[in-house]
Amino acid sequence: MTNIGPSTVLPAIGGSTAAAADPWHLYYSPLISEFIASLTYTLFSNLLGIFGVADSASKLSIALLDGGLNFVLICIFGGINGGHFNPAITFATLLTFNMRLLIGFCMIFVQFFGAFFGSLLSRSVLPSTVFVDSFIALGILKRNIDVGLQHQFSRIEKQDYFSSFAGGDAAFSNRFQIFLLETLMSTLVVSTYMLGSTFETVLTTASSVGACRAVVSLIGLYTTGQGANFARLLANNIITSIFVVDDKAWRLFYLSVFASFASSIISAGIWWLVTATSADSNERQTAKRNFANK
């Protein structure tokens with residue numbers, strides 16, 4: 001069985017010296033792959049907004065295509081760098097000591113860099129009004145009162161803001177509810193990847209993560225909008241600030257920051273628990289076989 005993830009394509013702490021002596025395998029290949037994967041994922045996931053979210057069928061189509069995009073990218077890059085293109089996954093991998101610190105932080109940097117260029121490309125290939133409508137459909141932009149590129153968003157009272165979060169489809173009474181939901185969705189994606197990359201093959205992991213991402217995307221379209229990927233969110237917020245006048249683009253951004261860190265910590269804890277339980281189970285089975293052979 002061929003697993004994916006940094007433990008197989010990047011030398012973990014205490015890894016082999018042969019792999020560590022190969023700079024292409026250790027540094028260049030993973031970083032280039034993460035840049036391309038992050039750029040591709042952000043670009044095409046943003047373009048999915050052109051389908052609109054006028055009805056449930058549109059939301060379902062976007063969610064399924066988002067999951068399919070994850071599946072394809074992990075299949076392509078899983079054997080090279082693990083196919084993270086998500087800072088929460090990389091940070092969780094660092095917390096499980098399956099990646100060198102230098103490589104991990106460099107990968108997170110190129111994820112942000114790639115996502116920014118992906119978001120910028122999505123702006124360049126879409127006409128102004130289509131770009132804004134796409135971002136509104138994905139929940140990146142909340143509401144508008146103009147049709148030009150320089151959108152002025154209506155000022156809404158504090159009590160109305162949470163109910164209008166993510167395009168008005170969800171009703172939140174406070175920020176903590178948004179934080180919990182974002183943390184839960186991110187944890188589902190990160191945990192699915194972490195456990196799959198440890199115990200499953202590339203194809204199985206890609207299928208599991210793709211299905212999980214489709215579910216998370218569908219939930220997000222009905223609630224918090226596009227989320228569960230901090231690099232993509234940061235890139236889209238920057239592009240929104242550059243090309244669209246949106247004074248609320250960063251208002252709840254800190255919730256996603258905390259949710260990303262929280263999901264990494266929770267997922268790493270789940271990984272440690274599952275791997276420890278699996279190791280104990282294997283030891284007991286080995287002891288039973290040895291006892292039976294005596």
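Residues numbered from 1 in each chain as written. Predicted model: local features only at pLDDT ≥ 70, side-chain atom pairs only at ≥ 80, totals over all residues. Heavy atoms only, no water.

J.: Would you explain the environment of Val 216 in this entry?
T.: Assignment of secondary structure puts Val 216 in helix α10 (residues 202–222). Here the alpha-carbon distance between Val 216 and Ser 186, two residues 30 residues apart in the chain, equals 8.1 Å. (Helix = DSSP H or I, 4+ residues; strand = E, 2+ residues; numbered from the N terminus.)

J.: Got a minute to help me understand the UniProt feature "transmembrane region" (unreviewed entry) in the protein in this structure?
T.: UniProt's feature table lists "transmembrane region" (unreviewed entry) at residues 36–54, 61–81, 101–121 and 252–274, given in the numbering used throughout. With 100% helix and 0% strand, residues 101–121 has its two end C-alpha atoms placed 30 Å apart. Summarising residues 252–274: 96% helix, 0% strand, and an end-to-end C-alpha distance of 33 Å. (UniProt positions renumbered as here; feature names shortened; annotations may be inferred.)

J.: What exactly am I supposed to notice about the packing of helix α6 (residues 101–125) against helix α11 (residues 230–243) here?
T.: Any two packed helices are characterised by how steeply their axes cross, that is the angle between the axes, and by the distance between the axes. Interaxial distance between α6 and α11 falls to 8 Å at its minimum, and their mutual angle equals 45°. The angle between the axes of α6 and α11 places the two elements in the oblique class. Crossing hand, α6 versus α11: right-handed. Here Gln 111, Phe 112, Ala 115, Phe 116, Ser 119, Leu 120 and Arg 123 of α6 come into contact with α11, specifically with Phe 230, Ala 231, Arg 232, Leu 234, Ala 235, Asn 236, Ile 238, Ile 239 and Phe 243. Classifying every residue of the contact of α6 with α11 gives 11 nonpolar, 3 polar and 2 charged. (Axes fitted to C-alpha atoms, helices over the stretch in contact; angles between N-to-C directions. Parallel < 35°, antiparallel > 145°, perpendicular 65-115°, else oblique. Left-handed = near helix turned anticlockwise from the far one by under 90°. Contact = heavy atoms within 4.5 Å. Nonpolar A, V, L, I, M, F, W, Y, C, P; charged D, E, K, R; others polar.)

J.: Before we go on, may I ask you to explain empty space enclosed by the protein in this structure?
T.: One simple way to see leftover space: roll a probe sized like a water molecule over the atoms. Going through the model one piece at a time under the given rule, you end up with 5 cavities of 30 Å³ or more. Of the volumes computed, that of the second largest cavity is approximately 110 Å³. Around the second largest cavity, the lining comprises 15 residues; the ones closest to its centre are Asp 66, Ser 217, Gln 226, Gly 227 and Arg 232. Counting residues per element, the ones that place at least two in the lining of the second largest cavity are α4 (56–77) and α10. With 5 residues, α10 is the largest single contributor of residues to the lining of the second largest cavity. (1 Å grid on protein atoms, 1.4 Å probe; cavity = no way out; pocket = protein on both sides within 12 Å on 5 of 7 lines; lining within 4 Å. Points joined across faces, edges and corners; volume = space filled by probe spheres on them.)

J.: Is there a simple way to think about the packing of helix α3 (residues 23–47) against α6 in this case?
T.: Close contact between α3 and α6 brings their axes to 7 Å; oriented N to C, the two are set at 35°. The two elements α3 and α6 cross, and the hand of that crossing is right-handed.

J.: Just checking my understanding: could you explain the packing of aromatic side chains for this structure?
T.: Each aromatic ring pair is characterised by the separation of its centres together with the angle its planes make. In the structure shown here, the tally under the stated rule is 14 aromatic pairs. Where Tyr 254 meets Phe 258, the ring centres are 6.1 Å apart and the plane angle is 75°; that geometry is what we call edge-to-face. Residue Tyr 254 and its partner Phe 258 are located together in helix α12 (residues 253–293), separated by 4 residues, close to a single helical turn. Assessed through its relative accessible area of 34%, Tyr 254 is described here as partly exposed. (Phe/Tyr/Trp six-rings, centres within 6.5 Å; stacked < 30°, edge-to-face > 60°. Buried < 20%, exposed > 50% of the residue type's maximum accessible area, 1.4 Å probe, protein only.)

J.: Would you mind showing me how to read the side chain of Thr 275 here?
T.: Looking at where Thr 275 falls in the secondary structure, it is placed in helix α12. Separated by 3.1 Å, the side chain of Thr 275 and the backbone oxygen of Trp 272 make a polar contact. Setting aside anything within four residues of it in sequence, one finds Thr 275 in contact with Thr 198 and Phe 199. (Polar contact = N/O pair within 3.5 Å; in protein donor to acceptor, adjacent residues only side chain to side chain.)

J.: What am I meant to see in the nonpolar core here?
T.: Across soluble globular proteins, nonpolar side chains show a tendency to be buried alongside one another. Of all hydrophobic cores here, the largest spans 16 residues; its most connected members are Tyr 41, Leu 73, Ile 74, Phe 85, Val 190, Tyr 193 and Met 194. When residues of this core are traced back to their parent elements, those giving at least two are α3, α4, α5 (87–95), α9 (175–199) and α10. At 4 residues, α4 tops the list of elements feeding residues into this core. Non-local contacts of Phe 85, meaning those with residues more than four positions away in its chain, are made with Glu 34, Ala 37, Ser 38, Tyr 41, Asn 70, Leu 73, Ile 74, Gln 111 and Asn 229. By size, the runner-up hydrophobic cluster in this structure holds 14 residues, among which are Leu 47, Leu 126, Ile 140 and Ile 239. (Core = buried A, V, L, I, M, F, W, Y, C linked by side-chain atoms within 4.5 Å.)

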